[in-house]
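# Results of the structural survey
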Amino acid sequence: MFRFLLLLGLATACTKKPESAPPPIGPILPQIDTENDLFRLSRYNSTFNWYQNSPSKLPSANASAHSPWMRVRFNPVAATVLSDNGKLARNGFFPRGSLIVKELFEGENDSLRYLAVMYKDSLHPQQAFGWVWGEFEANGNALISLESRGSLCTSCHQTNSRDMTRLFDLHP
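These figures come from a predicted structure and were not determined experimentally.

Relative to the helices and strands, Lys102 resides in strand S4 (residues 99-105). Owing to a relative accessible area of 17%, Lys102 belongs among the buried residues under this scheme. Each C-alpha atom of the pair Lys102 and Met70 lies 6.6 Å from the other, and the pair is 32 residues apart in sequence.

We now examine the pairing of S4. Most of S4 sits out of view: 7 of its 7 residues are buried. Every second residue of S4 is oriented toward a common face, with Leu99, Val101, Glu103 and Phe105 on one face and Ile100, Lys102 and Leu104 on the other, all of them buried. Both strand S3 (residues 69-74) and S4 contribute to a ladder of 6 bridges, which runs antiparallel. The partner of Trp69 across the bridge, within S4, is Phe105. Pairing of S4 with strand S5 (residues 114-120) involves 6 bridges; the strand directions are antiparallel. For Ile100, the partnering residue across the bridge sits in S5 and is Met118.

With that out of the way, let us pick up the pattern of salt bridges. One pass over the structure, following the stated rule, counts 6 salt bridges. Between Glu103 and Arg73 there is a salt bridge; the shortest N-O distance is 2.8 Å. Taken together, the positions of Glu103 in strand S4 and Arg73 in strand S3 put the pair 30 residues apart, joining distant regions of the chain. When sorted by exposure, Glu103 lands in the same class as Arg73, which is buried. Within the structure, one salt-bridge network assembled from shared partners comprises Arg71, Arg73 and Glu103.

Membership of the largest hydrophobic core comes to 21 residues, with the highest contact counts inside it found for Phe74, Phe94 and Phe168. When sequence neighbours within four positions are dropped, the list of residues in contact with Phe74 reads Thr47, Phe48, Asn49, Tyr51, Ala79, Leu82, Phe94, Leu99, Ile100, Leu167 and Phe168. Ile32, Leu115, Phe136 and Leu146 belong to the second-largest nonpolar core, a separate cluster that totals 12 residues.

What counts, and where the lines are drawn
- Residues numbered from 1 in each chain as written.
- Predicted model: local features only at pLDDT ≥ 70, side-chain atom pairs only at ≥ 80, totals over all residues.
- Heavy atoms only, no water.
- Helix = DSSP H or I, 4+ residues; strand = E, 2+ residues; numbered from the N terminus.
- Buried < 20%, exposed > 50% of the residue type's maximum accessible area, 1.4 Å probe, protein only.
- Pairing = 2+ DSSP bridges.
- Salt bridge = Lys/Arg side-chain N within 4 Å of Asp/Glu carboxyl O.
- Core = buried A, V, L, I, M, F, W, Y, C linked by side-chain atoms within 4.5 Å.
- Contact = heavy atoms within 4.5 Å.

Laid out in structure tokens, this is it:
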């Protein structure tokens, strides 16, 4: 009996306990596999922060390729790097998991027509310059697909020093 307990004790002591998976590095991001996933993520909720803390519509800059009127919101991850005046510093970068949604309107009093979306995930297979790009009609119909990797967007968005975002230079 003693020999059995000794062997059992040794077997138990020598058995390696399974290790748990290491904690993820950085934020756990929602899975974005389709345009619909990106559109759902971009839908408004109360945790978003408006550009310059105001939901007012602004006239788009002449240099913008988007509709004549717009307003922009940031998810809480993106908002962490905005200054008191609601801007990203020159040569600044948004953290992974940031979401920027530009709501586009034909007129100041018109209803939402389009959404232009930038989602920061440099590890996403369809990213370009660290961002996943999309543009949608208000009903969710994709105008710019994930597969395009922002090819219609990046040539203009590269012309700044604020992590591919033009808003802060075009709208002081």
